[in-house]
Amino acid sequence: MKISNGITRWCGIILGLLLTACGSDDLPKPSITFAHDGLEGRVITRLYADKQTLLAATDRGVYRKVSAQSTWEAVGLVDREVLDLAIIAPNHYLVMTERQHNDLVDHRLFETLNGGSTWQEIAHNFGGDEGTEAFYGMHYDDDNNALYATGIEALGVSYDEGRSWQLLSGMWHGFGQRKTIVKRNPVTNEIWFGGQNAFEQLVLNVYSLDTKELRAYRDLLPNPSVIYGIQFDRARPDWVMVSGEGGVLSSSDRGANWATLIGDVDYRFYFDVAIDPLAPATLYTAGWDKNWDTPQPLIFEVSDDGGQRWKKYRHTDPTLFGGVRSMIAVVEDGKTRVYLGLYRGGIMKVTIH
């Protein structure tokens, strides 16, 4: 058994080093290393950083990794799928979960005050007087001690850590598809949120906390489409980047005009884009083909000019479930590392040299 485990580890290292770069030959080619980081078989839906602790929301609970540790550890809710997690304070998290049993779907909100050692279910009134409904995206705004969440057609805010909710935009118990991403631009005081509507059209909405006005975008990418990722840059308050089914877009004027950074990709899904914390002009992304049952290649994409040009790196393991559903870029040991959450493939760690 020890010999077999050793061979497996060495094979993983060798496969991680065997990369094939493709794209424009004139692009600078950073040196990168792939290394599998565990949680094989899991669907990694979201990745977060709580100071030096990394958190993974998966189809089987929450996992945690302290940067000094080499392995991920389960910290609860392993019988439930985690839809989203909000970091209220260090080791204080709120988690919206889902569990399916036969034809019934059960949604519950949990809270931990000790980093996942114990969890308590939280009663809430997201959904108003007609009864509770699930919310699928969460974002905590520590400037205003406000928690924002999105349902099917509702944008809500809570000032008591998820217990009681006020409707900001839309309607409770609406009809359509989930809105799974919500973020506040801390400079412009706008809430950006998105997903898809009942007709599989892209939905991207912007709600101003100052004016209470809403503006909407529906035709940024060829439909059917959906928005999954939103990124801001404090140094550029009017800049925003969004990603989803069909590509990656950016705007330098708060959405008045849009530039296509990645497009014409035959409906490939881009769940997020990571900004290098040491070099903000460098962007990282990776996609997922809509394939649940068979392996697909991991293709890691790098741009060092703000998304104008991209270099692709393909992992060579043909058995890998390499579709990327989440990512986060952090600094460890003085280097940028990008953690990729795969669909049924666990977590891949990419080190930028």
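All values derive from a computational prediction rather than experimental measurement.

With that out of the way, let us pick up the packing of aromatic side chains. Scanning the entire structure with this criterion turns up 18 aromatic pairs. Ring geometry for Phe 126 versus Trp 165: centroids 5.1 Å apart, planes at 90°, classification edge-to-face. Pair noted here: Phe 126 is in the loop between β10 (120–122) and β11 (137–141) and Trp 165 is in the loop between β13 (154–158) and β14 (166–170), with a separation of 39 residues, a long-range link. For the pair Trp 288 and Trp 292, a centre-to-centre distance of 5.8 Å together with 75° between the ring planes defines the contact as edge-to-face. Of the residues examined, Trp 288 reaches a relative accessible area of 4% and is grouped as buried. Judged by relative accessible area, Trp 292 falls into the partly exposed class, the value being 41%. Ring-pair connections join several aromatic residues into one group, and the members of that group are Tyr 228, Phe 269, Phe 271, Trp 288, Trp 292 and Tyr 343. Just above the ring of Trp 288 sits the side chain of Arg 325; from NZ or CZ to the centre is 4.6 Å.

With that settled, consider the pattern of salt bridges. According to the stated counting rule, one finds 20 salt bridges in the structure shown. Lys 179 is the partner of Glu 153 in a salt bridge, and the nearest nitrogen-oxygen pair spans 3.5 Å. Of this pair, Glu 153 sits in the loop between β12 (146–150) and β13 while Lys 179 sits in the loop between β14 and β15 (181–185); the two residues are 26 residues apart in sequence, bridging distant segments of the chain. Relative accessible area serves as the criterion here: at 28%, Glu 153 is assigned to the partly exposed category. Take Lys 179: its relative accessible area is 4%, and that puts it in the buried class. Asp 333 is the partner of Arg 337 in a salt bridge, and the nearest nitrogen-oxygen pair spans 3.4 Å. For Arg 337, a relative accessible area of 13% translates into the label buried. Its relative accessible area of 70% is what places Asp 333 among the exposed residues. What emerges from the salt-bridge pattern is a single network uniting Arg 80, Asp 106, Arg 108 and Glu 121.

Let's shift gears to the side chain of Glu 133. Of note, Glu 133 is situated in the loop between β10 and β11. Comment: no salt bridge for buried Glu 133; closest opposite-charge side chain is Lys 179, at 9.4 Å. Here His 173 takes part through its backbone nitrogen, which lies 2.7 Å from a polar atom of the side chain of Glu 133. Sequence-distant contacts of Glu 133, defined by excluding residues within four places in its chain, comprise His 124, Phe 126, Gly 127, Gly 151, Ile 152, Ala 154, Trp 172 and His 173.

For any part of a model where pLDDT is low, the fine detail of the predicted coordinates should not be relied upon. On average, residues of the protein chain score 91 in pLDDT, and 91% of them reach the 70 mark or higher. Long-range and interchain partners of residues 1–25, a stretch whose pLDDT sits below 50, account for 27 contacts in this model, where long-range means more than four residues apart.

For the rest of this paragraph, the subject is the environment of Tyr 284. Locating Tyr 284 in the fold gives a position in strand β24 (residues 283–286). Relative accessible area serves as the criterion here: at 1%, Tyr 284 is assigned to the buried category. Taking the C-alpha atoms as reference points, Tyr 284 and Gly 247, separated by 37 residues in sequence, lie 13 Å from one another. At a separation of 2.5 Å, a polar atom in the side chain of Tyr 284 contacts the side chain of Asp 276.

Reading the values: rules and limits
Residues numbered from 1 in each chain as written. Predicted model: local features only at pLDDT ≥ 70, side-chain atom pairs only at ≥ 80, totals over all residues. Heavy atoms only, no water. Phe/Tyr/Trp six-rings, centres within 6.5 Å; stacked < 30°, edge-to-face > 60°. Helix = DSSP H or I, 4+ residues; strand = E, 2+ residues; numbered from the N terminus. Buried < 20%, exposed > 50% of the residue type's maximum accessible area, 1.4 Å probe, protein only. Lys NZ or Arg CZ within 6 Å of the ring centre and 35° of its normal. Salt bridge = Lys/Arg side-chain N within 4 Å of Asp/Glu carboxyl O. Lys, Arg positive; Asp, Glu negative; His and termini not counted. Polar contact = N/O pair within 3.5 Å; in protein donor to acceptor, adjacent residues only side chain to side chain. Contact = heavy atoms within 4.5 Å. pLDDT = per-residue confidence, 0-100.

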